[in-house]
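# Structural description and commentary
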Amino acid sequence: MFDYAPAPESRSIVDLAPSYGLFIDGAFGEGKDTFKTINPATEEVLTEVALAGPADVDRAVAAANRAYRKWSALPGAERAKYLFRIARIIQERARELAVLETLDNGKPIKESRDVDLPLVAAHFFYYAGWADKLQYAGFGPDPRPIGVAGQVIPWNFPLLMLAWKIAPALATGNTVVLKPAETTPLSALFFADVCRQADLPPGVVNIVTGAGETGRYLVEHPDVHKVAFTGSTEVGRQIARSVAGTGKTVTLELGGKAANIVFDDAPIDQAVEGIVNGIFFNQGHVCCAGSRLLVQESIAEELLSSLKRRMATLRVGDPLDKNTDVGAINSAAQLARITELSVIGAAEGAERWSPACELPDRGFWFAPTIFTGVTQAHRIAREEIFGPVLSVLTFRTPAEAIEKANNTPYGLSAGIWSDKGSRILAVADQLRAGVVWANTFNKFDPTSPFGGYKESGYGREGGRHGLEAYLA
Amino acid sequence: MPKHHKTPVVVADPPRLAVRKTYKLFIGGKFPRSESGRTSLLDGDNVALASRKDGRDAVVAARAAQPKWAGVTAYNRGQVLYRVAEMIEARRAEFTALGVEPAEVDAAIDRWVWYAGWSDKIAQVVGGVNPVAGPFFNISAPEPTGVVGVVAPPSLLGLVSVLAPAIVTGNTVVLIASKAQVAITLAEVLATSDVPGGVVNILTGRAAEIAPWLASHDDVNALDLTGVDDAGLAIELERSAAGTLKRVLRRPVGGADFAADPGLRPMTALLETKTVWHPKGF
Amino acid sequence: MTVTASSSLSGLPDSTAHLRTFLHGLPGVDKVGVEARAAALGTRSVKTTAKARAIDLAIRMVDLTTLEGADTPGKVRALSAKALRPDPADPSCPSVAAICVYPAMVPVAASVLAGSGVHLASVATAFPSGQAPLEVKIADTQDAVAGGADEIDMVISRGAFLSGDYTHVFNEIVEIKHACGPAHLKVILETGELGTYDNVRRASWLAMLAGADFIKTSTGKVPVAATLPVTLVMLEAVRDFRAVSGRQVGVKPAGGIRTTKDAIKYLVLINETVGDDWLDPDWFRFGASSLLNDLLMQRTKLATGHYAGPDYFTLD
């Protein structure tokens, strides 16, 4: 195999300050406490950010409430123009933001550059256009904003999740206090700078950095009217509990354990790509990851050998290298969880396999891994691992595939691979999942609603559907 | 012929003794008594008083009926609902005899007809093709959430206003009714229409006793709290429902106005959006 | 049809009667998926030392081609000289793999290339349409081989293939292979006329089953020539064919590959699909003409550190 020489993207495009405060009411302030954010690929400290406490969150929520009066009264066409500005600035600063995202998150630059950032800009463009057309969106003749949205986002797609939250909130006339994840606060802070560049009125977007406590304080704040959360099912449950009796509306986008079903008539080479993309995209840090491969027994052996051959070509390493396919695990804690569940998988009798791959000495790394001989009774077939670990199960008939696919408390996504149209449509009909990818996987688009059934959460983000959560 | 027989005494016909209706539960298309054997005296009737185990049985019946009901064609589901409206009309005297105002019966029938018509339209209104930036066919369509636990308001109009949107969308229902006679009369309507057994299950009894078991039940997908009259209970139920992240329809702020246009919300709150992607290429 | 007993055991068709069943039983190709995969591999960044190695390998894989009505002995002699020494100023520059010409020009090229190690390929079989009787195609082939060609690039009858007459196509390839004698046979599928990737996969298997040593995308004479996804499908076919038959077949994209950047994308494709075994001029060729000068310019740029200009490279 011919070696590609290292092709690192330059990080000089990102100018990091030694520390960052909270972005409240249009200005960066100081935080009393701070915490460090690191590059998970090297464990190098990137910078320090403020740890927002209750008083900080109070100030941010107050600023958002003050800004709400004017922002919600602004003609939709004017709000639209702010969002279009933001979208354009993101496009112009895309390379910088992609490199930043890769530094703070550990994802390959190939993905932050070709997937995250284009989708972020597209999301703002899409919702910008809605701002002055809300009366045609099907939510009544005079849809009204709700107020202040408290938004808490995860670390797997930091800027993209921010876009999914902020773009529809602003388009509909709400104001926002957003808390990025503890391990990936930087792109949200750079987004604050984008808002400043766009002359967005102070207080419309406020960014409070911190950990779980900051997020809890934000969603439980009495002057927050709408809560949007993406993250674990466990925290989602707590939020659903905490808003009972408050009048706050909530949307939750939570965990998943998606089945990726491969039938014996599948376009096999594309199915292999889809399996790889389904579980190794973004190191498997994807709520909708195809983490359970259900393969028809008659082709299981052939498919697995193709899959292993393909996995051997995955390039794991420096996320800034343009040829890296699988980057760093986002944090030591996440690495520990992936490691723990993998040990359990092996202990429970599943057969573990990884291609030979050299992992860097420093940073958090986990080789792409598959487990074969997995049954529905294995923990690795039931629990979300949120890492590059695939559990392989087999089935005999379409009915059995559907039954196994649905046999989970989750219901976020699913995949189907078959060349037979009627089979695809019938299986898609019966899968209890909010997104079904047939002969493709992990595709996203601002026009396409995304969200789960059952314990994967409620509400939809994206498309016309995504407006509903932000309209009274 | 015997010689000595008594001459019959001629007396006036006695007033006919009415055959009273027994108000039992409605589970799986049948009318069982409460497994607890309990009844409560309500307006002179000993009506069945449902227990948590009746709730459990009703969820089993609702779950069993759900896939088939969701799989019925939308056209057919509309027909079945329209038939229900016909049967309410035919039995309107039974409802007025229970004290329901004729105008409310009219409104209930009209509401039911309105919802019947939604069966094959809601998907077009809330679903459709999404113009994604790529060579993919991408379509979003609503699907039923599954089994819905409903705490129903006491009035007939309130009852149909929570029941019809839940089932026209392909869900099955376990409904707790405080006004047993009206609810069970409606159950009789459903039983004599073409609604499959288990699609609607009605438990007459106390929300405070049964609803918590539905809220915490792992096999219930959504909870409609419209008819909960106790704010504390509503909060407790919503918290409990968070355990499996059930969809919750809260009590309307300031009480429900069933005379108003319901809008789409009673249906969309019990629908999931499924989005399907497929590549386009020769 | 003659296939070995061992290959028929491994699931290959054992008579032409089974060809259709077999070819239509191959897994489908999803257009969007294969194009996305090819595009993704096209974003690989190959720089510095890796690029230098890739450029030399690409030069060694070029079938330097002239297939014009206006070809003359003078033109073919010049091109053959260039094949031997692509960069007269730099003796470290490797020779190309082969010269590819019409049968009439074979003796001319042979006189220049004799003993050099650079192969001599000739298109035959009523190139480019393939619309001639079999006897004519056989004679065309035999002429080229007799004139010194050690590689024959034949075209399949697309009309027969598209009408479902797989047996006809199969038998023609078998006959031409026979007529080739010791010469290697490259079978041109003319993928731009096949319409679907499914057909590309079927035609690839059909050609390999009939004895092709190489499968080649295009004549260069129809609007759509080689593309990355088509080549990806063909690479998957040769990979899978070797897995069941044990026989390795080469791949030659031809037409439309003009820049170093393009050529490197193909090398990446091989690298990550079929691997090392095909990263060799014996198993992969570029059918091209203008590509060579771009490779030479890029090679010079890497060596000198400044951009090269076309006036400094020979036009032949």
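Reading the values: the criteria
- Residues numbered from 1 in each chain as written.
- Chains lettered and ligands numbered in written order.
- Predicted model: local features only at pLDDT ≥ 70, side-chain atom pairs only at ≥ 80, totals over all residues.
- Helix = DSSP H or I, 4+ residues; strand = E, 2+ residues; numbered from the N terminus.
- Buried ≥ 20, exposed ≤ 12 C-beta atoms within 10 Å, placed from the backbone.
- Contact = placed C-beta atoms within 7 Å.
- Nonpolar A, V, L, I, M, F, W, Y, C, P; charged D, E, K, R; others polar.
- Pairing = 2+ DSSP bridges.
- Expected span 1.5 Å × (residues − 1).
- Axes fitted to C-alpha atoms, helices over the stretch in contact; angles between N-to-C directions.
- Parallel < 35°, antiparallel > 145°, perpendicular 65-115°, else oblique.
- Left-handed = near helix turned anticlockwise from the far one by under 90°.
- Right-handed = clockwise from strand over helix to strand, strands pointing away.
- pLDDT = per-residue confidence, 0-100.
- Core = buried A, V, L, I, M, F, W, Y, C linked by C-beta atoms within 7 Å.

### As for the overall build of chain A
On a plain count of helices and strands, chain A comes out with 15 helices and 18 strands. By its C-alpha atoms, chain A is 65 × 50 × 35 Å across when sized along the principal axes. Burial status across chain A gives 62% buried among its 472 residues. Partitioning the intrachain contacts of chain A with sequence separation of at least 6 by distance along the chain shows that 71% fall at a separation of at least 24.

### Overview of the overall build of chain B
In terms of regular secondary structure, chain B is built from ten helices and ten strands. Dimensions of chain B, computed from the C-alpha atoms along their principal axes, are close to 105 × 40 × 35 Å. Relative to its 282 residues, chain B shows a buried fraction of 49%.

### Side note on the interface of chain C and chain B
Each partner contributes residues to the interface: chain C has six residues there, and chain B has five residues. Looking at the side of chain C that touches chain B residue by residue, the class counts come to one nonpolar, three polar and two charged.

### A short note on the interface of chain B and chain A
Accessible area lost when the parts come together is the quantity often used to give the size of an interface. On the side of chain A, 33 residues touch chain B, which itself brings 26 residues to the contact. The dominant element in the side of chain B that touches chain A, judged by the number of residues it contributes, is strand E10 (residues 271–279) of chain B, at eight residues. When grouped by side-chain class, the residues that make up the side of chain B that touches chain A number twelve nonpolar, nine polar and five charged. With three bridges joining them, strand E17 (residues 435–438) of chain A and E10 of chain B adopt parallel strand pairing. Following the sheet pairing, Val435 of chain A is matched in E10 of chain B by Thr275 of chain B.

### Section: helix H13 (residues 291–304) of chain C
Residues and elements named next belong to chain C. For H13, which comprises 14 residues, the first-to-last C-alpha distance of 20 Å matches the rise-based estimate of 20 Å (1.5 Å per residue) to within 8%. A large share of H13 lies buried, amounting to ten of its 14 residues. Looking at H13, one finds that the buried residues are Leu291, Leu292, Asn293, Asp294, Leu295, Leu296, Met297, Gln298, Arg299 and Thr300. Buried residues along H13 sit in contact with helix H4 (48–60), strand E1 (62–65), helix H12 (260–273) and strand E8 (286–288).

### With respect to the packing of helix H10 (residues 197–209) of chain C against helix H11 (residues 228–245) of chain C
Residue and element names in this part refer to chain C. Where H10 meets H11, the closest approach of the two axes is 9 Å, and the angle between their N-to-C directions is 40°. The angle between H10 and H11 places the two elements in the oblique class. In terms of crossing hand, the pair formed by H10 and H11 is right-handed. On H11, the residues that touch Tyr197, Val200, Arg201, Ser204, Trp205 and Met208 of H10 are Val230, Val233, Met234, Ala237 and Phe241. Here the contact of H10 with H11 is composed, by residue class, of nine nonpolar, one polar and one charged.

### Examining H10 of chain C
Residues and elements named next belong to chain C. An ideal rise of 1.5 Å per residue puts 18 Å on 13 residues; H10 measures up with 18 Å between its terminal C-alpha atoms. Among the 13 residues that make up H10, 13 are buried, leaving the element largely enclosed by the rest of the structure. Downstream of H10 by one or two residues, Gly211 has phi in the positive range, about 115°.

### Section: the environment of Arg202 of chain C
All names here are of chain C. Residue placement: Arg202 occurs in helix H10. Separated by 183 residues in the primary sequence, Arg202 and Leu19 have C-alpha atoms spaced 9.9 Å apart. Among residues more than four places away in sequence, those in contact with Arg202 are Leu23 and Leu26.

### A closer look at the packing of helix H5 (residues 73–84) of chain C against helix H6 (residues 106–113) of chain C
Residue and element names in this part refer to chain C. For the pair H5 and H6, the least separation of the axes is 9 Å and the interaxial angle reads 35°. H6 is crossed by H5, and the crossing has right-handed handedness. Of the residues in H6, those in contact with Pro73, Val76, Arg77, Ser80 and Ala81 of H5 are Val108, Ala109, Val112 and Leu113. Its residues assigned to classes, the contact of H5 with H6 shows seven nonpolar, one polar and one charged.

### Topic: the sheet that holds strand E7 (residues 250–252) of chain C
Residue and element names in this part refer to chain C. Reading across from one edge, E7-E6-E5-E4-E3-E2-E1-E8 is the order of the eight strands in this open sheet, with parallel pairing throughout. With partners counted over all chains shown, the strands left at the sheet margins are E7 and E8, one partner each. For this sheet, the mean inter-axis angle between neighbouring strands, taken without regard to orientation, is 25°. For strand E5 (residues 184–188) and strand E6 (residues 214–216), the ladder comprises three bridges, and the chain directions are parallel.

### With respect to the sheet that holds strand E4 (residues 33–39) of chain A
Residue and element names in this part refer to chain A. Taking strand neighbours across the sheet as the criterion, the three strands line up as E1-E5-E4 in an open arrangement whose pairing is mixed. Each having just a single partner strand, strand E1 (19–20) and E4 make up the two edges of the open sheet. Two elements, E1 and strand E5 (residues 44–51), share two bridges in a ladder whose sense is parallel. Across the sheet, the residue bridging to Tyr20 is Val49, located in E5.

### Focus: the pairing of strand E12 (residues 292–296) of chain A
Residue and element names in this part refer to chain A. Across the five residues of E12, five count as buried, placing the element largely inside the fold. Side chains Arg292, Leu294 and Gln296 project from E12 onto one buried face, and the interleaved Leu293 and Val295 project onto a second face that is buried too. Pairing analysis gives four bridges linking strand E11 (residues 259–262) to E12, with the strands arranged parallel. Residue pairing across strands places Ala259 opposite Arg292, the latter belonging to E12.

### Looking at the pairing of strand E7 (residues 175–179) of chain A
Residues and elements named next belong to chain A. Most of E7 sits out of view: five of its five residues are buried. Of the two faces of E7, the one holding Thr175, Val177 and Lys179 and the one holding Val176 and Leu178 are both buried throughout. Note: strand E6 (residues 148–152) against E7, five bridges, orientation parallel. In the sheet register, Ala149 faces E7, and the bridge partner there is Val176. Between E6 and its parallel partner E7, the chain crosses via helix H5 (residues 158–171), and the hand of that crossover is right-handed. In this fold, the crossover linking E7 to strand E8 (residues 205–207) by way of helix H6 (residues 186–197) has right-handed handedness.

### Structural notes on the confidence of the model for chain B
The pLDDT averaged across chain B works out to 96; a share of 97% of its residues lies at or above 70. Two summary scores accompany this predicted model of the complex, namely pTM at 0.95 and ipTM at 0.97.

### Regarding the environment of Asn323 of chain A
Mapping Asn323 of chain A onto the fold places it in the loop between helix H10 (300–311) and helix H11 (332–347). In sequence terms Asn323 of chain A and His123 of chain A are 200 residues apart; their C-alpha atoms lie 26 Å from each other. Setting aside its immediate chain neighbours within four residues, Asn323 of chain A contacts Tyr4, Ala7 and Arg315 of chain A together with Arg44 and Ser45 of chain C.

### Quick notes on the environment of Asp25 of chain A
Residues and elements named next belong to chain A. Structurally, Asp25 can be placed in the loop between strand E2 (23–24) and strand E3 (27–28). Asp25 sits in the partly exposed class, given 18 other C-beta atoms within 10 Å. Taking the C-alpha atoms as reference, Asp25 lies 27 Å from Gly462; in sequence the two are 437 residues apart. Other than its neighbours up to four places away in sequence, Asp25 contacts Ala63, Pro202, Gly203 and Asn206.

### Overview of the nonpolar core
In terms of nonpolar packing, the biggest core is built from 179 residues, with Leu83 and Phe124 of chain A together with Trp112 and Leu175 of chain B touching the most fellow members. Considering each element in turn, this core owes the most residues, eleven residues, to H5 of chain A. Setting aside residues no more than four positions away along its own chain, Trp112 of chain B makes contact with Leu81, Val84, Ala85, Ile88, Val160 and Ala164 of chain B. Residues Ala121, Ile176, Val238 and Leu296 of chain C belong to the second largest nonpolar core, which totals 104 residues.

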